[in-house]
Amino acid sequence: MHFVAQAPQQGAQWAAELLEFAVAFYERAIDRGEFDPLRIAEELGAPPRYAEHAVGVLRELRLVKPAESRADRLVAVSPEAAQMELLVPLEREILDSRHRLAGFKGQLSAFAAAFERQSRTRAEPVVITGDQDEIELRLLEAAQSCTTEVLVMQPCVARETRELRLARPLVLEALRRGAHGRILYPHTARGDSGTRAHLGELLPAGGRVRTTKEVSDRFLVFDRKTAFIPSGEDGEIAVVYESTVAAFLAGLHARIWESAVDFDSGAAGYAGTMEELKATLLSLLASGAKDEVIARRVGMSERTLRRHVATIMQDLSASSRFQAGVLAARTGLVDLALRSAA
């Protein structure tokens, strides 16, 4: 094989030619023992610069080494020996780097878990939990940091859920610290002794209380920043750290508040709200709503609801609950438009 002396070419063709020469150079050197690089280049018909390049490549790959007898002579080395010298240290270095990498990952994972826990506690927009201890802690945190406003919508004390029961003293304490409070109860709260006793504490603390014909659902909003709303049927609560949701609930509360009736602790019984409550019951009866649905919406037990329904049916001489609703609508006791409320 002969390589013609010519000006070095550029690009891939030049690199391929040099590699081909280095391989041919190595083949000649294998059986020589000690050899002169320029002599092999001359045999291959290549200029000295080709020999310089080939020696550079072979030195880098540990395929040649200096001869012991003369400094200008070289000795070819087998690929296996070159691999031991060149690749084994690199593989060991790579292995060490992998061990270091695994160690760093293990250490960082512990810190990442701590960061995730802290971030979830502080920044997660919605936390859904049924753990009563966690609910109590989050209620305590929200109530203690509350400085401006507490909004509450809930059923009577006799029908309140555990988180509402836990929230009662916390809301009261926030009011005593100067936060404004607006609390919505159903009209039936006026006839509930437990609720009236609680309202007797809220009013002196500065809370404003109104009752409405229906309670659409229960929720608490602190400072329009944190909201507690029901989630599912298993007693889970969604704690929402999102001002947009809190503002929406505040708007809902405000709309119901406008049509609600102020509670006066000195007034006896339903204090003029019985007719509105009766109209609501008739409307829901006419819609065909079940006892469970009606009781939840007006904030009374199903047993109390049935007692009210029996009285209404007797007053209207109705033979069925649905007939009572229809008769009430025909006689103007309830607006037909209210039937869509169910």
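Data block above holds the structure.
Residues numbered from 1 in each chain as written. Predicted model: local features only at pLDDT ≥ 70, side-chain atom pairs only at ≥ 80, totals over all residues. Heavy atoms only, no water.

K.L.:
Is there a simple way to explain empty space enclosed by the protein in this structure?
P.N.:
Space left empty within the atom packing is revealed by a probe, the size of a water molecule, rolled over the atoms. The full count for this structure, using the stated rule, is 1 cavity of 30 Å³ or more. In this structure, the largest cavity spans a volume of roughly 70 Å³. Lining the largest cavity we find Val152, Gln154, Leu164, Ala167, Arg168, Val171, Ile183, Tyr185, His198, Leu202 and Leu220. Those elements giving two or more residues to the lining of the largest cavity turn out to be helix H6 (162–176), strand E6 (180–186) and helix H7 (193–202). Broken down by element, the lining of the largest cavity gets its largest block of residues, 4 residues, from H6. (1 Å grid on protein atoms, 1.4 Å probe; cavity = no way out; pocket = protein on both sides within 12 Å on 5 of 7 lines; lining within 4 Å. Points joined across faces, edges and corners; volume = space filled by probe spheres on them. Helix = DSSP H or I, 4+ residues; strand = E, 2+ residues; numbered from the N terminus.)

K.L.:
Would you mind showing me how to read unusual backbone geometry here?
P.N.:
Peptide bonds are mostly trans, and most non-glycine residues show a negative phi. The phi torsion at arginine 62 lies on the positive side, around 60°, for a residue other than glycine. A residue is classified by how much of its surface remains accessible, and arginine 62, at 31% relative accessible area, is partly exposed. (Buried < 20%, exposed > 50% of the residue type's maximum accessible area, 1.4 Å probe, protein only.)

K.L.:
Whenever I open this one, the environment of alanine 227 confuses me. Can you help?
P.N.:
Assignment of secondary structure puts alanine 227 in strand E9 (residues 226–230). On the basis of relative accessibility, which here comes to 0%, the residue alanine 227 falls in the buried class. Along the backbone, alanine 227 and tyrosine 241 are 14 residues apart, and their C-alpha atoms lie at a distance of 6.8 Å. In contact with alanine 227, not counting residues within four places along its chain, are Leu220, Val221, Ala238, Val239, Val240 and Leu249. (Contact = heavy atoms within 4.5 Å.)

K.L.:
What exactly am I supposed to notice about the sheet that holds strand E1 (residues 34–35) here?
P.N.:
The strand order across the open sheet formed by 3 strands is E1-E3-E2, and the pairing between neighbours is antiparallel. Single-partner strands in this sheet number two, and they are E1 and strand E2 (64–66). Across 3 bridges, E2 lies against strand E3 (residues 74–76) in antiparallel orientation. Bridge pairing in E3 links valine 64 to alanine 76. (Pairing = 2+ DSSP bridges.)

K.L.:
Before we go on, may I ask you to explain the nonpolar core in this structure?
P.N.:
Here is a general trend for soluble globular proteins: nonpolar side chains tend to be buried in one another's company. Core analysis: the largest hydrophobic core is formed by 30 residues, its most contacted members being Val150, Val171, Leu202, Leu220, Phe222 and Phe228. Among the secondary structure elements, those contributing two or more residues to this core are helix H5 (132–145), strand E5 (149–153), H6, E6, H7, strand E8 (219–222) and strand E10 (237–240). The contacts of valine 150, once residues within four sequence positions are left out, are Val171, Ala174, Ala179, His180, Gly181, Arg182, Val221 and Phe222. (Core = buried A, V, L, I, M, F, W, Y, C linked by side-chain atoms within 4.5 Å.)

K.L.:
Would you take a moment to explain helix H3 (residues 48–60) for this structure?
P.N.:
Three or four residues apart is the spacing at which side chains of an α-helix point the same way, because the helix has 3.6 residues per turn. Look at H3: 19 Å from first C-alpha to last across 13 residues, which is about the 18 Å you get at 1.5 Å a residue. Within H3, burial applies to Tyr50, Ala51, Ala54, Val55 and Leu58. Down the axis of H3, the sector holding all buried residues measures 130°, keeping them to one side. Of the residues in H3, the exposed ones pointing more than 90 degrees away from the buried face are Glu52 and Glu60. In the segment just after H3, arginine 62 is the residue with positive phi, at about 60°. (Expected span 1.5 Å × (residues − 1). Arc of directions from axis to C-beta.)

K.L.:
Just checking my understanding: could you explain the side chain of serine 231 for this structure?
P.N.:
By the secondary structure assignment, serine 231 is in the loop between E9 and E10. For serine 231, a relative accessible area of 17% puts it in the buried group. In this structure, serine 231 is in contact with Ile128, Glu236, Ile237 and Ala238, ignoring residues within four places of it in sequence.

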